[in-house]
Amino acid sequence: MGVEQLIESGLLQPFCGGVLESAAHPAVAVNPKSLDVKVANGVSARLVLLYTTSSQSVVNIDIDRDASLDIVAIYAADSYVSVSVNQSEGSVCKTMSALVSSSNVTYNYALNGVGAESVFNAVFVVEGREHSTLNLNTRHLTSDCKSCSLVKGVSAGNSTGEFHGLVYVAPDAQRTDAQQQSRNIELDNSRIISLPQLEIYADDVKCSHGSTVGYSDAEALFYMRQRGLSLAAARRLQIEGFINDVVSRCDMEGICSVLHDAVTAKLERL
Amino acid sequence: MLKITDLHASVGDKEILKGINLEVKAGEVHAIMGPNGSGKSTLASVIAGNEKFTVTSGSVTFEGEDLLSLPIEDRARKGLFLGFQYPVEIPGVSMANFMKIAVAEQRKYKGLEPLSPAEFLKLMREKSAIVELDSKLTSRAVNEGFSGGEKKKNEIFQMAMLDPKLSILDETDSGLDIDALRVVATGVTRLKRADNATVVITHYQRLLDYIVPDYVHVLYKGRIIYSGDKSLALKLEKEGYDWLINDYKE
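Anyway, here's the lowdown on the structure attached to this text. (Residues numbered from 1 in each chain as written. Chains lettered and ligands numbered in written order. Predicted model: local features only at pLDDT ≥ 70, side-chain atom pairs only at ≥ 80, totals over all residues.)

A look at the sheet that holds strand E10 (residues 197–201) of chain B
Residues and elements named next belong to chain B. Read across the sheet, six strands follow the order E6-E9-E10-E3-E11-E12 without closing on themselves; strand pairing throughout is mixed. With partners counted over all chains shown, the strands left at the sheet margins are strand E6 (80–83) and strand E12 (223–228), one partner each. On average, adjacent strands in this sheet sit at an angle of 20 degrees to one another, irrespective of strand direction. Relative to strand E11 (residues 215–220), strand E3 (residues 29–33) runs parallel, the two sharing four bridges. Paired with Met33 across the two strands is Val218, which belongs to E11. Along the sheet, helix H5 (residues 148–162) makes contact with E6 and strand E9 (166–170), crossing E6 at roughly 170 degrees. (Pairing = 2+ DSSP bridges. Helix = DSSP H or I, 4+ residues; strand = E, 2+ residues; numbered from the N terminus. Axes fitted to C-alpha atoms, helices over the stretch in contact; angles between N-to-C directions. Contact = placed C-beta atoms within 7 Å.)

See below:
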């Protein structure tokens, strides 16, 4: 089912900003120019951000104490988007993001309250002459917060994919637990730029970051071809597997298949 | 079935195979033994078509057809199977999905109708039972997080699924405990028929207690320097390679 059908059949609720409540079905904002979102104390909410036409967009989200928000964002058309999330004490924000176009997307997470947690998963897939940039700034501003990010990118043709990740840990943010991983595959004449950074001003912290850029794994291709897969099929399966490792973590009903289809359609063009 | 004539192969500038001659007929089991670094795995890789190696001279035919001119996947589709010494992990690709595609591609090549989902599941169940492979593993990513024993069982499971004419098993026994070795080796013998053939590369006589070879070859410095029957493996187990190597001049 496409997004329009999901909205028509009530499986996604159109949303144009304001207070987001716990609801039977996720809220969806399609191509919002600006969106202000508030999740009140203790509420568990779900939000879908969908960009289907070329857009410029600013999204501001406040998550109150002990509230949680699941976000799925799909950038299917060239977009320039900034998403800022302010998290209070004990709040949790889980984001799943897919860039399948020439987009420039910035996520700013401010972990303002003790024990706030951010889980960020994203993929970007670029081909042809596309250029996509994903900026991720996670600011640990107080103690006992947790952040975990995994970003996987694939570039093909003459495209460029960029990931800029910054984890900032403020002087008072003791017992911070921050993990940041960037994994990328570069095909053809394309280019990946991956810049993970840590800026740490507290001493009692657990921070890790990793970044890899590689080509298709020749041994894995040999293995798959030895079982009878053509080179093209083996390569496609390997890239699909690489990306699906992230996409399959989507657990928001309804929209997961839309996310999966958008990514698969893009991978078929590589 | 397989005929190798004066095969030379290199990696970079280094020649590893220096004139291999070997013929394997349907129904036969051949064991290839030899000290580390003698070229056993290279031979297996070259036959399967690994592009890391360059064939500099010689020929390999499979059922009368020139194998060396075929891409890797066509060799596999014609019925050549390589059991890897180090099976490769493919993150994010489930074993079941991988086998579904592999079986479909091989059937298409042979002009056979694709299997229905029910038929495929039945085949998976049947074949995983041969090597006592935990059915949970088939829903996991290919070889990812598999133990050493599970990886090797998984190789034989794939061999059973694809039903090859010629299987080359590269140190399928390495890294296995005694029970896993029995399961894997028994699995291989259950797949043996009069119309297929097996080449096992091994360091140890123990595997050959289960998979009884018709011929045992010793590979040393890129050549087969000695061939015999199964008693040769027993003699090697007892006496090592020195008596052969000392006789051998390059």
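Points about the interface of chain B and chain A
Interface size is commonly expressed as the accessible surface area that is lost when the partners come together. Listed as interface residues are 19 residues of chain B and, on the opposing side, 18 residues of chain A. Contributions of two or more residues to the side of chain B that touches chain A are made by helix H2 (72–77), strand E7 (90–94), helix H3 (95–109) and H5 of chain B.

Structural notes on the packing of helix H2 (residues 218–226) of chain A against helix H3 (residues 231–247) of chain A
Residue and element names in this part refer to chain A. The geometry of H2 relative to H3 is characterised by a closest axis approach of 9 Å and an angle of 125 degrees between their N-to-C directions. Considering the angle they form, H2 stands oblique to H3. Relative to H3, the crossing made by H2 is right-handed. Counted together, Ala220, Leu221, Met224 and Arg225 of H2 and Leu231, Ala234, Arg235, Leu237 and Gln238 of H3 form the full contact between these two elements. (Parallel < 35°, antiparallel > 145°, perpendicular 65-115°, else oblique. Left-handed = near helix turned anticlockwise from the far one by under 90°.)

Considerations on the packing of H5 of chain B against helix H6 (residues 178–190) of chain B
All names here are of chain B. Between H5 and H6, the shortest axis-to-axis distance is 10 Å and the interhelical angle comes to 5 degrees. For the element pair H5 / H6, the angle class is roughly parallel. Between H5 and H6, the contacting residues are Gly149, Lys152, Lys153 and Ile156 on the first element and Ala180, Val183, Val184, Gly187 and Val188 on the second.

A short note on the environment of Gly58 of chain B
All names here are of chain B. Within the fold, Gly58 resides in strand E4 (residues 54–62). On the basis of neighbour count, Gly58 is assigned to the partly exposed category, with 18 C-beta atoms found within 10 Å. Separated by 63 residues in sequence, Gly58 and Leu121 place their C-alpha atoms 42 Å apart. When residues no more than four places from it in sequence are discounted, the contact partners of Gly58 are Thr5, Asp6, Leu7 and His8. (Buried ≥ 20, exposed ≤ 12 C-beta atoms within 10 Å, placed from the backbone.)

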